[in-house]
Amino acid sequence: MRLALLPFLLLAVVLIALSVGRYPLAPSDILGFLGACLGLVDLPPERFDLLRNLIVEIRLPRVLAAGLIGAALSASGASFQAVFRNPLVSPGILGVLGGAGFGAALGILLSGDFLTIQLSAFAMGLVAVGVGVIVANLFGAASMVTLVLGGMISGALFTSALSLVKYAADPYDQLPAIVYWMMGSLGAVDLKQLRGAAPPILAGVGALALAGRALDALSMGDDEARSLGVPVHLTRYGVIAAATLVSSLSVSLAGMIGWVGLVVPHVARLAIGPTNSRLLPASALLGATFLIAADCVARNITRAEIPIGVVTELLGIPAFILVLGRARRAWA
């Protein structure tokens, strides 16, 4: 598959996502609404208002959020796999998911306001990674192994703290909200929140994509990378920082959405190849496409919306099994 085809695949899935729902629309309706917004087509005011409500107010925020979060999780997952040279690494490797989960649960326990939950999840995700890095540097300069171990310790610490918050939560009100948030949902995201989260997420994903050549050099070993003029430590920690930032932001927007950052980079590697300068943008585009499609399934397969984290796990596990053999040979 050519990298140039992926944006067209993403646009096709976006068009489908805007069309399907309890009130289905034809693609011609969406194109007609777009033409009316540009002043190229005349629509009756009632029809225009109906289409605006369905497309802009209800479906577009979810589609944009799914695209942003899918791109962020997939690009960060591919970046972590490249930095740690491990095909089983995902965005939660340094404890960011455990910290963000604890932060969101704490926000629900103390306030319940969605903005507070988002800010708390984002802040504690960064704190968790900081704890992991500090643990890795306790006994000298951090290596790849000590960074992973530090992330495991940090993740276990904040997962335990999350259990304490669940124990202290009201079992009739707060505890169900915490459990539902942990399963992931795009239902509460609106355009105002996206305007605040989109610039840093896009900047982080763009920075990761630009670091592809440096990661290609790092894959040959630190000494070889230095001989090519790559600042090894700056590149490694810069990629970790950018990947952590976009992961924390995505978790703060929609809760825990698993398997995207693990599976999609493997699919992109099989389709595009192992070169990180191409793999990272391909992972971002495929991740956005996959999560938009998963959201379509989550909100349409039954009368009641299924949490999107459940859908990504159900779709991700068989997909990972299908690509496991080829992915193993590619990494070998």
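A. Local environment of the overall build of the protein. Helices and strands together make up the secondary structure of the protein, namely 14 helices and zero strands. Along the chain direction, N to C, the helices and strands of the protein fall in the order α-α-α-α-α-α-α-α-α-α-α-α-α-α. Taken against the 2.2 N^0.38 rule, which gives 20 Å for 332 residues, the C-alpha radius of gyration of the protein at 21 Å falls within 12% of a compact globule. With respect to the principal axes defined by its C-alpha atoms, the protein has extents near 70 × 50 × 35 Å. Within the protein, buried positions represent 48% of all 332 residues. Restricting to contacts in the protein with at least 6 residues of sequence separation, those with at least 24 account for 75%. In the protein, 20 positive and 16 negative side-chain charges are present, and the distance between their average locations comes to 10 Å.

B. Summary view of a nonpolar patch on the surface. A cluster of nonpolar side chains, namely Leu31, Leu34, Leu38, Leu40 and Val41, defines an oily patch on the protein surface of about 520 Å² accessible area. When its relative accessible area of 59% is taken as the criterion, Leu38 is described as exposed.

C. The side chain of Asp216, seen in detail. With respect to the helices, strands and loops of the structure, Asp216 is situated in helix 9 (residues 212-218). Lacking a salt bridge, the buried Asp216 has Arg213 as its closest oppositely charged neighbour, with an N-O distance of 6.1 Å. Within the structure, the side chain of Asp216 is placed 2.7 Å from the backbone nitrogen of Asn276, a separation counted as a polar contact. At 3.5 Å, the side chain of Asp216 forms a polar contact with the backbone nitrogen of Ser277. If we skip the residues at most four places from it in the chain, Asp216 touches Pro274, Thr275, Asn276 and Ser277.

D. The arrangement of the packing of helix 2 (residues 27-37) against helix 3 (residues 45-84) in detail. In contact at an axis separation of 10 Å, helix 2 and helix 3 are set at 110 degrees when each is read in the N-to-C sense. The orientation of helix 2 with respect to helix 3, classified from their angle, is roughly perpendicular. Across the interface between the two elements, Asp29, Ile30, Phe33, Ala36 and Cys37 of helix 2 pack against Arg47, Phe48, Leu51, Arg52, Ile55 and Val56 of helix 3. Within the contact of helix 2 with helix 3, the residues separate by chemical class into eight nonpolar, no polar and three charged.

E. Region of interest: the side chain of Ser248. Looking at where Ser248 falls in the secondary structure, it is placed in helix 11 (residues 232-254). Looking at Ser248, the relative accessible area reads 0%, which means it is buried. Dropping the residues within four chain positions of it, Ser248 is found in contact with Val96, Phe122, Gly125 and Leu126.

F. Representation of the nonpolar core. Among the nonpolar cores identified, the biggest contains 75 residues, and Ile55, Ile69, Phe80, Phe84, Ile201, Ile257 and Leu291 are the most heavily contacted of them. With 18 residues, the single largest contributor to this core is helix 3. In this structure Phe80 touches Arg85, Val89, Ser90, Pro91, Ile93, Leu94, Ile240, Ala243, Thr244 and Ser247, once residues within four positions along its chain are discounted. If you look at the next biggest cluster of nonpolar residues, it comprises 18 residues, including Ala100, Phe102, Phe158 and Trp181.

G. Molecular detail of the layout of surface pockets. A volume near 330 Å³ is recorded for the largest pocket. If you go around the largest pocket, you meet 18 residues; those closest to its centre are Leu10, Leu64, Gly67, Leu68 and Ala288. Among the elements of the structure, helix 1 (6-19), helix 3, helix 8 (191-210) and helix 13 (276-300) are those that each provide at least two residues to the lining of the largest pocket. A total of six residues in the lining of the largest pocket trace back to one element, the largest contributor, which is helix 3. Grouping the amino acids of the lining of the largest pocket by side-chain chemistry returns 17 nonpolar, one polar and no charged. Counted as a void, the second largest pocket has a volume near 280 Å³. Lining the second largest pocket are 19 residues; nearest its centre among them are Leu97, Ile257, Gly258, Trp259 and Glu313. Those elements that provide at least two residues to the lining of the second largest pocket are helix 7 (174-183), helix 12 (260-272) and helix 14 (308-331).

H. Up close: the packing of helix 4 (residues 96-110) against helix 6 (residues 144-168). Where helix 4 contacts helix 6, the two axes come as close as 8 Å, and the packing angle between them is 20 degrees. Relative to helix 6, the element helix 4 is oriented roughly parallel. Between helix 4 and helix 6 the crossing geometry is left-handed. Counted together, Gly98, Gly99, Gly101, Phe102, Ala105, Leu106 and Leu109 of helix 4 and Phe158, Thr159, Ala161, Leu162, Val165 and Ala168 of helix 6 form the full contact between these two elements.

Rules and cut-offs
- Residues numbered from 1 in each chain as written.
- Predicted model: local features only at pLDDT ≥ 70, side-chain atom pairs only at ≥ 80, totals over all residues.
- Heavy atoms only, no water.
- Helix = DSSP H or I, 4+ residues; strand = E, 2+ residues; numbered from the N terminus.
- Rg over C-alpha atoms; globule rule 2.2 N^0.38 Å.
- Buried < 20%, exposed > 50% of the residue type's maximum accessible area, 1.4 Å probe, protein only.
- Contact = heavy atoms within 4.5 Å.
- Lys, Arg positive; Asp, Glu negative; His and termini not counted.
- Charge placed at Lys NZ, Arg CZ, Asp CG, Glu CD.
- Patch = residues over 30% accessible without salt bridge, like charges linked within 9 Å, V, L, I, M, F, W, Y side chains within 5 Å.
- Areas by Shrake-Rupley, 256 points an atom, 1.4 Å probe, with all protein chains shown as cover.
- Salt bridge = Lys/Arg side-chain N within 4 Å of Asp/Glu carboxyl O.
- Polar contact = N/O pair within 3.5 Å; in protein donor to acceptor, adjacent residues only side chain to side chain.
- Axes fitted to C-alpha atoms, helices over the stretch in contact; angles between N-to-C directions.
- Parallel < 35°, antiparallel > 145°, perpendicular 65-115°, else oblique.
- Nonpolar A, V, L, I, M, F, W, Y, C, P; charged D, E, K, R; others polar.
- Core = buried A, V, L, I, M, F, W, Y, C linked by side-chain atoms within 4.5 Å.
- 1 Å grid on protein atoms, 1.4 Å probe; cavity = no way out; pocket = protein on both sides within 12 Å on 5 of 7 lines; lining within 4 Å.
- Points joined across faces, edges and corners; volume = space filled by probe spheres on them.
- Left-handed = near helix turned anticlockwise from the far one by under 90°.

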